[in-house]
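Spelled out, the chains give:
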Amino acid sequence: MDVLVCGAGVAGTALAYWLRHHGFTPTVVERAPGVRAGGYATGLRGEALDVLDRMALLDQVRALDLRLGGAAMADEYALPVAIRPTDIEILRDDLAGLLYQATRGEVEYVFGDSIATLEQIDADVRVTFDRGRPRRFDLVAGADGLHSRTRSLAFGPQERFVRHLGLYTAVFGLPGRLGAEEGGQVHRVPGKAAGVLATRDGSRARAALHFASGPLAYDRDDHGQHKRVVAERFAGQGRLVRRLLEELREAEDLFFEANAQVEMDRWYAGRVVLVGDAGYCAAPSSGRGASQALIGAYILAGELAAAGGHAEAFAAYEREMRGFVAEHQQMGREGADQFFLGPPPEEELGRTTVARPHLVRLRNYAPGFAAERSSPGRVAR
């Protein structure tokens, strides 16, 4: 089967990997000119690490671990969180880049384009693009994030599904010297927080600025406008923020986004299915977005390989993921609430990382050829 995957983030590249693994022919279309740079750190734990191990990528991911350790300023709200020894914290674009490199040799990637229309007929889906020629696919998977065009075309307007949590986040890279000087520093006032996340050696660092606000009207592609919005919100703050705003003026990798969740009754419609943030974004405050994307991609591709048809596979995928997603979305809401209520007392930091029940299982869908080929001697479980 030919499958169009919309979006080359973590969800899209992971899905392309597993589709190819099971013998499908994926094509990935991405509106950006390449794999997107920027973004903050993302935590990987539990079944997500198992998925990476089955991809023979876990050692490479561990090599990119930020090694924050202890109670570090690691979460996306610049609040202290205790990190378990088994967790990995990795920059989001490092993870997406690694997945892209693992798939680019066997997967068709179309950068600088996006879908314009979808027309479902009995046997396939006719897709037109903003730039490329029309094509037909057996299935379409939307992995294009919070503002998914695939979701809008197949399910309806964004307003029906996106729930704003009252926060905005801006993330951008910093020079290593600033990371070494300010790493772990936090500025907090009511409704605002700013922090610097740096590797232990200070070689790489990123700033994160968060502010409380109702929904804002802005052009998602106008980074100059984003910088002005952030600068206005943080004008007159302390020394750390002033230094960060100076760096913001020249930043070329700014990520600016609302903290929101996607809530849907169903993640598939006919031959179109959603994976990752496009279907069930839990918000950065959950700390589980990348893990959900990896696990969802693994299960979706596996169910397509195991089922007798796409409708059966989509239903099984949703059954497997629903409880897991509901748990993480609750964590996202709690994380957003914590921004307004303030960090917990230091003596309670450890309690915030008490393991929750795992509500997803990783089936062994089929023997793996991709992992065996990329890592001699490793047997896919």
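Everything quoted here is computed from the prediction, not taken from an experiment.

1. Observations regarding helix α4 (residues 92–103)
Two residues of an α-helix separated by three or four positions point the same way, owing to the 3.6 residues in each turn.
Okay, step 1: In this model α4 runs 17 Å from its N-terminal to its C-terminal C-alpha over twelve residues, within 8% of the 16 Å that 1.5 Å per residue would give.
Okay, step 2: All of the buried residues in α4 are Asp93, Asp94, Leu95, Ala96, Leu98, Leu99, Tyr100 and Thr103.

2. Concerning the packing of helix α2 (residues 47–54) against helix α10 (residues 289–306)
Okay, step 1: Contact geometry of α2 with α10 gives a least axis separation of 9 Å together with a crossing angle of 55°. Considering their axes alone, α2 and α10 lie oblique with respect to each other. Crossing geometry of α2 relative to α10 is assigned as left-handed. Judged by residue contacts, Glu47, Ala48, Val51, Leu52 and Arg54 of α2 engage Ser291, Leu294, Ile295 and Tyr298 from α10.

3. Quick word on α2
Okay, step 1: Burial within α2 is extensive, with seven of its eight residues counted as buried.
Okay, step 2: Glu47, Ala48, Leu49, Val51, Leu52, Asp53 and Arg54 are the residues of α2 that are buried.
Okay, step 3: Positive backbone phi, approximately 60°, marks Ala56, located one or two places after α2.

4. So, the sheet that holds strand β16 (residues 255–262)
Okay, step 1: Taking strand neighbours across the sheet as the criterion, the five strands line up as β13-β14-β15-β12-β16 in an open arrangement whose pairing is antiparallel. Lying at the two open borders of the sheet, with one neighbouring strand each, are β13 (186–189) and β16. Pairwise comparison of adjacent strand axes, ignoring direction, gives a mean angle of 20° for this sheet.
Okay, step 2: With respect to the sheet, helix α8 (residues 239–250) is in contact with β12 (162–174), β13, β14 (192–198) and β15 (205–212), its orientation differing from that of β14 by roughly 70°.

5. A closer look at the environment of Leu118
Okay, step 1: Position of Leu118 relative to the elements: it lies in strand β8 (residues 115–120).
Okay, step 2: In sequence terms Leu118 and Val272 are 154 residues apart; their C-alpha atoms lie 9.2 Å from each other.

6. Remarks on the environment of Gly156
Okay, step 1: With respect to the secondary-structure elements, Gly156 resides in the loop between α5 (149–155) and β12.
Okay, step 2: Residue class for Gly156 comes out buried when judged on its relative accessible area of 11%.
Okay, step 3: Residue contacts for Gly156: discarding those within four places in its chain leaves Arg151 and Phe161.

7. Points about the sheet that holds β8
Okay, step 1: Strand order in the open sheet formed by three strands is β8-β9-β10, with antiparallel pairing between adjacent strands. Two strands bound the open sheet, and with one partner strand each, they are β8 and β10 (135–137). In this sheet, adjacent strand axes meet at a mean angle of 25° when their direction is disregarded.
Okay, step 2: In terms of strand pairing, strand β9 (residues 125–129) meets β10 through three bridges, oriented antiparallel. Each residue of the ladder has a partner; that of Arg126, found in β10, is Arg136.

8. Considering the packing of helix α1 (residues 10–21) against α10
For any two helices packed against each other, one specifies the crossing angle of their axes together with the interaxial distance.
Okay, step 1: Contact geometry for α1 and α10: axes closest at 8 Å, N-to-C directions at 30°. When the interaxial angle is binned, α1 and α10 end up roughly parallel. Considering the relative orientation of α1 and α10, their crossing is right-handed. Across the interface between the two elements, Val10, Ala11, Ala14, Leu15, Trp18 and Leu19 from α1 touch Ala290, Ala293, Leu294, Ala297, Tyr298, Leu300, Ala301 and Leu304 from α10.
Okay, step 2: In the contact of α1 with α10, the residues fall into 14 nonpolar, no polar and no charged.

Reading the values: the criteria
Residues numbered from 1 in each chain as written. Predicted model: local features only at pLDDT ≥ 70, side-chain atom pairs only at ≥ 80, totals over all residues. Heavy atoms only, no water. Helix = DSSP H or I, 4+ residues; strand = E, 2+ residues; numbered from the N terminus. Expected span 1.5 Å × (residues − 1). Buried < 20%, exposed > 50% of the residue type's maximum accessible area, 1.4 Å probe, protein only. Axes fitted to C-alpha atoms, helices over the stretch in contact; angles between N-to-C directions. Parallel < 35°, antiparallel > 145°, perpendicular 65-115°, else oblique. Left-handed = near helix turned anticlockwise from the far one by under 90°. Contact = heavy atoms within 4.5 Å. Pairing = 2+ DSSP bridges. Nonpolar A, V, L, I, M, F, W, Y, C, P; charged D, E, K, R; others polar.

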